[in-house]
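Notes for the structure review
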Amino acid sequence: EAGVAQSPRYKIIEKRQSVAFWCNPISGHATLYWYQQILGQGPKLLIQFQNNGVVDDSQLPKDRFSAERLKGVDSTLKIQPAKLEDSAVYLCASSHPGQPFEQYFGPGTRLTVT
Amino acid sequence: ELKVEQNPLFLSMQEGKNYTIYCNYSTTSDRLYWYRQDPGKSLESLFVLLSNGAVKQEGRLMASLDTKARLSTLHITAAVHDLSATYFCAVGGMYGGSQGNLIFGKGTKLSVKP
């Protein structure tokens, strides 16, 4: 079974530029999560989707971050404009309806904002 | 606000020795997770503990949960170099009303030396 796919794996941008990350969850996984992991810290949930609906986006900085999952499969996370403090690894995870407690993480996208 | 504290944050062990990592959390939860993260890699699920007194073992790692004390432990038996990684605990469940709202600790960076 293929795992959670993310791209790009690395991205370097200047502050005030915009960037987008893509995630393809494991087939059949209805729930999709985006986490931000700053160096030296544990991941922090940004947004959770159930199919194409948002379940929890309480920690998403909505003035600059946006996310969508239009067809209930792939998802994109966008930052516009980026700030230096957005430098982090952005992790996508997914879970199956029958096993909601098991989250499977993708390899992550490492973002550096200069 | 739910807080998750791990200690120690850094652990240098000799091969063959035993040690325990502790995870304390501040409010009621019915789910506790342990993940492993290798440098530059994503998170790998180790254990999901769902009830008070739950104990799970995999190889040289054993995790337990005491919901009354709000404490989970990850015990390492006869450490080997391959166990060198960062270990995260995460708490979820009742807090936040969302099954996906995992709160992670800062992680314990384990280094096993010959």
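Look above for the structure.
My aim in this report is to walk through the structure given alongside it, one point at a time. (Residues numbered from 1 in each chain as written. Chains lettered and ligands numbered in written order. Predicted model: local features only at pLDDT ≥ 70, side-chain atom pairs only at ≥ 80, totals over all residues. Heavy atoms only, no water.)

**Points about the layout of surface pockets**
What counts here: Site definitions follow a grid-based scheme: protein atoms alone, a 1 Å grid, a 1.4 Å probe that fits but cannot get out for cavities, and for pockets an open set with protein on both sides within 12 Å along at least five of seven lines, plus lining residues having an atom within 4 Å of a point. Grid points are joined across faces, edges and corners, and a volume is the space filled by probe spheres set on the points. The numbering of helices and of strands both runs from the N terminus, where a helix is a DSSP run of H or I of at least 4 residues and a strand a run of E of at least 2. Three residue categories are used. Nonpolar comprises Ala, Val, Leu, Ile, Met, Phe, Trp, Tyr, Cys and Pro, charged comprises Asp, Glu, Lys and Arg, and polar comprises the others, including Gly.
The calculated volume of the largest pocket comes to roughly 610 Å³. Around the largest pocket sit 28 residues that line it, and Gln 37, Leu 39 and Gly 40 of chain A together with Gln 37 and Thr 86 of chain B are the ones nearest its centre. For the lining of the largest pocket, the secondary structure elements donating two or more residues are strand E9 (88-96) and strand E11 (109-113) of chain A together with strand E9 (85-92) and strand E11 (108-113) of chain B. It is E9 of chain B that provides the largest number of residues to the lining of the largest pocket, a total of three residues. Here the lining of the largest pocket is composed, by residue class, of eleven nonpolar, eleven polar and six charged. Looking at the second largest pocket, its volume works out to about 480 Å³. Every residue lining the second largest pocket is counted, 21 residues in all, and those nearest its centre are Lys 44 of chain A together with Glu 1, Leu 2, Ile 103 and Phe 104 of chain B.

**Notes on the sheet that holds strand E8 (residues 75-79) of chain A**
Residues and elements named next belong to chain A. Keep this limit in mind: Here a strand pair is declared whenever DSSP counts at least two bridges between the two strands. Fitting a line to C-alpha atoms yields each axis, with helices limited to the stretch in contact; the angle taken between N-to-C directions then spans 0 to 180 degrees.
With respect to topology, four strands assemble into an open sheet ordered E1-E3-E8-E7, the strand pairing being antiparallel. Where the open sheet ends on each side, the last strands, each with one partner, are strand E1 (5-7) and strand E7 (65-68). Neighbour to neighbour, the strand axes of the sheet diverge by 15° on average, direction disregarded. Bridge analysis of strand E3 (residues 19-24) against E8 gives five bridges, and the strand direction is antiparallel. Across the sheet, residue Cys 23 finds its bridge partner in E8, namely Ser 75.

**Here's the deal with the interface of chain B and chain A**
To keep things clear, this is the line we draw: By definition in these notes, contact holds between two residues if any of their heavy atoms fall within 4.5 Å. Buried area is calculated as the accessible area (1.4 Å probe) missing from two parts once they are joined, with the contributions of both summed. Any Lys or Arg side-chain nitrogen located within 4 Å of an Asp or Glu carboxyl oxygen qualifies as a salt bridge. Think of a polar contact as two N or O atoms within 3.5 Å of one another; within protein, one of them needs to be a possible hydrogen donor and the other a possible acceptor, and neighboring residues in sequence only count if both atoms come from side chains.
Chain B puts 19 residues into the contact, and the matching count from chain A is 22 residues. Taking both partners together, chain B and chain A bury about 1600 Å²; carbon and sulfur atoms supply 51% of that area. Our count for the chain B to chain A interface comes out at zero salt bridges. Remark: the boundary between chain B and chain A carries three residue pairs in polar contact (both at pLDDT 80 or more). Elements with a minimum of two residues in the side of chain B that touches chain A: strand E4 (31-37) and strand E5 (43-49) of chain B. Considering every element that reaches the side of chain B that touches chain A, the biggest residue donor is E4 of chain B, with four residues. Across the side of chain B that touches chain A, the residue classes tally to eight nonpolar, nine polar and two charged.

**As for the state of the cysteines**
In plain terms, the rule: Note on terminology: disulfide denotes any pair of cysteine sulfur atoms within 2.5 Å. In this scheme, a residue with accessible area under 20% of its type's maximum is buried, one over 50% is exposed, and one in between is partly exposed, where area comes from a 1.4 Å probe on protein chains only.
For the coordinates displayed, the defined rule picks out two disulfides over all chains. Two residues, Cys 23 of chain A and Cys 92 of chain A, share a disulfide whose sulfurs are 1.9 Å apart. Taking the sign of the S-S torsion, -70° for the link of Cys 23 of chain A and Cys 92 of chain A, the bridge is left-handed. Of this pair, Cys 23 of chain A sits in strand E3 while Cys 92 of chain A sits in strand E9, and the two are 69 residues apart along the sequence. Of the two residues, Cys 23 of chain A and Cys 92 of chain A, both sit in the buried class. There is a disulfide in this structure between Cys 23 of chain B and Cys 89 of chain B, and the S-S distance comes to 2.0 Å.

**Quick notes on the packing of aromatic side chains**
How we decide: Put simply, two rings from Phe, Tyr or Trp (the six-membered ring, in Trp's case) pair if the centres are within 6.5 Å, and we call them stacked under 30 degrees between planes, edge-to-face over 60, tilted for the rest.
The full count for this structure, using the stated rule, is ten aromatic pairs over all chains. Considering the side-chain rings of Tyr 33 of chain B and Tyr 35 of chain B, the 6.1 Å spacing of their centres and the 15° angle between planes classify their relative orientation as stacked. The residues Tyr 33 of chain B and Tyr 35 of chain B share a single accessibility class, namely buried. Put simply, the rings of Tyr 33, Tyr 35 and Phe 105 of chain A together with Tyr 33, Tyr 35, Phe 88 and Phe 104 of chain B touch in pairs and so form one group of aromatic residues.

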